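# Examination of the molecular architecture
These are the residues of each chain, in order.
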Amino acid sequence: MFGFLIALLSGALMSIQGVFNTQVTKTSGIWVANAFVQFTALLVCLAAWLMTDRSSFGTLWKVEPKYMLLGGTIGAFITYTVIKGMEMLGPARAVMLIVISQLIVAYVIELFGMFGVEKQPLEIRKIVGMGVAIVGIVIFKWT
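Below or above, wherever it landed, is the structure these notes cover. (Residues numbered from 1 in each chain as written. Predicted model: local features only at pLDDT ≥ 70, side-chain atom pairs only at ≥ 80, totals over all residues. Heavy atoms only, no water.)

### Focus: the overall build of the protein
- A tally of regular secondary structure across the protein gives five helices and zero strands.
- From first element to last, N terminus to C terminus, the protein shows the α and β order α-α-α-α-α.
- With the C-alpha coordinates of the protein rotated into their principal frame, the extents come out at 45 × 45 × 30 Å.
- When the 143 residues of the protein are sorted by exposure, 16% land in the buried category.
- By sequence separation, contacts in the protein at least 24 residues apart represent 54% of the contacts at least 6 residues apart.
- Just so you have it, the protein exposes about 10,600 Å², and 75% of that area is on carbon and sulfur atoms. (Helix = DSSP H or I, 4+ residues; strand = E, 2+ residues; numbered from the N terminus. Buried < 20%, exposed > 50% of the residue type's maximum accessible area, 1.4 Å probe, protein only. Contact = heavy atoms within 4.5 Å. Areas by Shrake-Rupley, 256 points an atom, 1.4 Å probe, with all protein chains shown as cover.)

In structure tokens, the structure reads:
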């Protein structure tokens, strides 16, 4: 149940952050806003690290495969694409497409056991669920 609540909170925070970041770009610029977002995230993470576990940064170099360390780089492009999506489509439409994309890509990752994730069997009910979500986006877009 706690995982469910955390996931809901994550989605809410992502939507709010996307709106905030889109508004910031109206005054600054997309890459300035993105750099500020990533910098403030760094500060929050460092503060949380100081108050919690303080594990060694050296352990990062033990991560295998090394491409797993690209999460921050991907994060910069996530911020950029969320800002542009919300700017061009509005928050509701952009977030719906983002969530559907996340769902489809996550399911493909599970199906093929990519990136060290345990491989899962194909389930028709999950495919139907994604189809229903896509139909929901189509209905939302044209209403």
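### Some remarks on helix α1 (residues 2-25)
- Taking 1.5 Å per residue, 24 residues should reach 34 Å; α1 reaches 34 Å between its end C-alpha atoms and fits that length.
- Those residues of α1 that sit buried are Gly 18, Asn 21, Thr 22 and Thr 25.
- Residues of α1 that are buried in the fold lie against α2 (30-51) and α3 (71-89). (Expected span 1.5 Å × (residues − 1).)

### Digging into the pattern of salt bridges
- Applying the stated rule across the entire model yields four salt bridges.
- The shortest N-O distance in the salt bridge between Glu 64 and Lys 66 comes to 3.3 Å.
- Judged by its relative accessible area of 58%, Glu 64 is exposed.
- Residue class for Lys 66 comes out partly exposed when judged on its relative accessible area of 38%.
- With a closest N to O distance of 3.7 Å, Glu 123 and Lys 126 form a salt bridge. (Salt bridge = Lys/Arg side-chain N within 4 Å of Asp/Glu carboxyl O.)

### A word on the environment of Phe 36
- Within the element layout of this structure, Phe 36 appears in helix α2.
- In the structure, Phe 36 is positioned 12 residues away from Val 24 in sequence and 9.7 Å away in space, judged by C-alpha atoms.

### Quick look at unusual backbone geometry
- Put simply, Glu 64 and Pro 65 share a cis peptide bond, and its omega is -10°.
- Here Pro 65 shows up in the loop between α2 and α3.
- We note that Arg 54 has phi near 55°; this positive angle belongs to a residue other than glycine.
- Checked against the element boundaries, Arg 54 lands in the loop between α2 and α3.

### What to know about the side chain of Thr 25
- Its location among the elements puts Thr 25 in helix α1.
- Aside from chain neighbours lying at most four places away, what touches Thr 25 is Ile 30, Ala 33, Ile 83 and Glu 87.

### Focus on the packing of aromatic side chains
- On inspection of all chains with the given rule, the structure shows four aromatic pairs.
- Summarising the aromatic geometry, the rings of Trp 31 and Tyr 80 are spaced 5.0 Å apart at their centres and angled 10° between planes, so their arrangement reads as stacked. Taken together, the residues Trp 31 in helix α2 and Tyr 80 in helix α3 connect sequence positions 49 residues apart.
- Through a chain of ring-to-ring contacts, the aromatic side chains of Trp 31, Phe 77 and Tyr 80 assemble into a single cluster. (Phe/Tyr/Trp six-rings, centres within 6.5 Å; stacked < 30°, edge-to-face > 60°.)

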